[in-house]
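# Overview (structure and organization)
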Amino acid sequence: MLYGYARVSTEGQCLDRQIDQLTAVGVERENIYCEKMTGTKSNRPRLRALLGVIESGDIVYIESLNRLGRSSADLISLMQTFSDEGVTLISLKEQLDFSSAAGKMIAQFLAVLAEFERATIVERVKEGVAAARARGRIGGRPATPQKTLDKALQMYDMHNLTVTEICRACGISRPTLYKALRERENKNDLDEMDNQ
């Protein structure tokens, strides 16, 4: 069976050119899965639907590689999914058939690039964290001021407000309040042990 996948990034863009190219290679109009959604979104319902119907021996046509993947890593992952299913992926613009020897070689090259991209990102993040620590910045969210926590604990002790109401009034999350309660309880336990 022949399938096609066409995507544009915004509602205002038109899919006609891609659809024309896909039907020109023999894909029936009802077998073209169209999406109007940015490629940066990982949750693309029509692509997911296509992945749900393909079977071994099928061929999926795309107008170009950038219509399919959000990044080189995402593209490699999708190409691997098609390969694992026994489905041939063909990109018209790049004239690539990923079941051919040349297509497999390019897929492997793209996989190497994706791995390099991931490693480079990890390296840059580590360097950024080290540079921030060297300047005295630890990272993460700023700590909740003790004054705010004390106010939240006082409100909690009054027993006339729900946890949600306390958190909303103090601008803190439930885990932050529960953590403060645990820390106070642990401190009280330690104080009792010291006084015995």
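Overview of the structure.

## Observations regarding the sheet that holds strand 3 (residues 59-62)
- Taken in spatial order, the five strands make up an open sheet running 2-1-3-4-5, and their pairing is mixed. Lying at the two open borders of the sheet, with one neighbouring strand each, are strand 2 (32-36) and strand 5 (96-97).
- One ladder, built from four bridges, connects strand 1 (residues 2-8) with strand 3; its direction is parallel. Residue pairing for strand 3: Leu2 is matched across the bridge by Ile59.
- Running at roughly 165° to strand 1, helix 1 (residues 16-24) makes contact with strand 1, strand 2 and strand 3 of the sheet.
- Running over the sheet, helix 2 (residues 45-53) touches strand 1, strand 2 and strand 3 and is turned about 160° from strand 2.

## So, the pairing of strand 3
- Two strands pair when backbone bridges link them, and strand 3 and strand 4 (residues 88-91) are joined in this way by four bridges, in the parallel orientation. The residue bridging Val60 from the neighbouring strand is Leu89, located in strand 4.

## Concerning a nonpolar patch on the surface
- On the surface, Ile121, Val125 and Val129 cluster together into a nonpolar patch covering about 230 Å² of accessible area.
- Mapped onto the fold, Val125 is located in helix 4 (residues 101-134).

Analysis parameters
- Residues numbered from 1 in each chain as written.
- Predicted model: local features only at pLDDT ≥ 70, side-chain atom pairs only at ≥ 80, totals over all residues.
- Heavy atoms only, no water.
- Pairing = 2+ DSSP bridges.
- Helix = DSSP H or I, 4+ residues; strand = E, 2+ residues; numbered from the N terminus.
- Contact = heavy atoms within 4.5 Å.
- Axes fitted to C-alpha atoms, helices over the stretch in contact; angles between N-to-C directions.
- Patch = residues over 30% accessible without salt bridge, like charges linked within 9 Å, V, L, I, M, F, W, Y side chains within 5 Å.
- Areas by Shrake-Rupley, 256 points an atom, 1.4 Å probe, with all protein chains shown as cover.
- Salt bridge = Lys/Arg side-chain N within 4 Å of Asp/Glu carboxyl O.

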